[in-house]
Amino acid sequence: MMLQTEREFTLPRGYLDEEGTLHREGVMRLATAADEILPLKESAVQKNPAYLTVIVLSRVVTRLGTVKLITPPLIERLFAADVAFLQDLYNELNGDDSAALAVECPSCRHRFEVGRTAAGRS
């Protein structure tokens, strides 16, 4: 099995640039330790820890439509639904796949384990 280091996505709403072009398709890569650690040194994050999400997403989203330079101000201009979507995708890509959840079939009472990402999807 190959390690998937990037994932294509389609934003629910999309980024509307200054020319009025809507960008919905993009690519996110796996985060590195630096992607999560270096933003903690940013003064904007130290003043407002919630800003960490903006900086981390600007580091791991590598393309959005025809836009190839993803910056914190661009992430700030995304609709809230799109930021939430990207946060979920980030967690899915960078989560611990080894976590399992014990479940029981309500019909036959058979017990088994499912992966965390599988359990969170319907």
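Note that the coordinates shown come from a computational prediction; the quantities given were computed from them, not determined experimentally.

Digging into the packing of helix α3 (residues 52-60) against helix α5 (residues 80-94)
As a packed pair, α3 and α5 sit with axes 11 Å apart at the nearest point and diverge in direction by 70°. Considering the angle they form, α3 stands roughly perpendicular to α5. The element α3 and its partner α5 pack so that their crossing is left-handed. Of the residues in α5, those touching α3 at Thr 53, Val 56, Leu 57 and Val 60 are Val 83, Leu 86, Gln 87 and Tyr 90. Taken together, the residues that form the contact of α3 with α5 break down as 6 nonpolar, 2 polar and no charged.

Notes on the environment of Gly 65
Its place among the elements puts Gly 65 in the loop between β3 (61-64) and α4 (72-76). Apart from residues lying up to four places away in sequence, Gly 65 is in contact with His 23 and Glu 25.

Concerning the packing of aromatic side chains
As enumerated under the stated definition, the model contains 1 aromatic pair in all. When the centroid spacing of 6.2 Å and the interplanar angle of 55° are considered together, the rings of Phe 9 and Phe 85 count as tilted. Highlighted residues: Phe 9 in strand β1 (residues 6-16) and Phe 85 in helix α5, separated in sequence by 76 residues.

What to know about the environment of Thr 62
Here Thr 62 is to be found in strand β3. Residues within four places of Thr 62 in sequence aside, it is in contact with Glu 6, Val 27, Arg 29, Lys 68 and Ile 70.

A word on the pattern of salt bridges
Inspection of every chain in the model, using the stated rule, returns 4 salt bridges. For Glu 92, the salt bridge is made with Arg 7, and the minimal N-O distance between the two is 2.9 Å. Highlighted residues: Glu 92 in helix α5 and Arg 7 in strand β1, separated in sequence by 85 residues. Residue classification places Glu 92 among the partly exposed positions, given a relative accessible area of 26%.

Focus: α3
Listed as buried for α3 are Val 54, Ile 55, Val 56, Leu 57, Ser 58 and Val 60. Here the buried face of α3 lies against β2 (22-29), α1 (33-37), α2 (43-47), β3, α4 and α5.

Some details on the confidence of the model for the protein
Parts of the prediction with low pLDDT should not have their coordinates interpreted in detail. Chain-level pLDDT for the protein is 87 on average; 84% of the residues reach the 70-or-more range. Below pLDDT 50 for its whole length, residues 116-122 participates in 9 contacts with residues either more than four positions away or in separate chains.

Remarks on the nonpolar core
With 23 residues, the main nonpolar core has Phe 9, Met 28, Leu 57, Leu 64, Leu 78 and Leu 86 as its most contacted residues. Elements with a minimum of two residues in this core: β1, α3, β3, α4 and α5. Excluding residues within four positions of it along the chain, Leu 57 makes contact with Met 28, Ile 75, Val 83, Leu 86, Gln 87 and Tyr 90.

What counts, and at which threshold
Residues numbered from 1 in each chain as written. Predicted model: local features only at pLDDT ≥ 70, side-chain atom pairs only at ≥ 80, totals over all residues. Heavy atoms only, no water. Axes fitted to C-alpha atoms, helices over the stretch in contact; angles between N-to-C directions. Helix = DSSP H or I, 4+ residues; strand = E, 2+ residues; numbered from the N terminus. Parallel < 35°, antiparallel > 145°, perpendicular 65-115°, else oblique. Left-handed = near helix turned anticlockwise from the far one by under 90°. Contact = heavy atoms within 4.5 Å. Nonpolar A, V, L, I, M, F, W, Y, C, P; charged D, E, K, R; others polar. Phe/Tyr/Trp six-rings, centres within 6.5 Å; stacked < 30°, edge-to-face > 60°. Salt bridge = Lys/Arg side-chain N within 4 Å of Asp/Glu carboxyl O. Buried < 20%, exposed > 50% of the residue type's maximum accessible area, 1.4 Å probe, protein only. pLDDT = per-residue confidence, 0-100. Core = buried A, V, L, I, M, F, W, Y, C linked by side-chain atoms within 4.5 Å.

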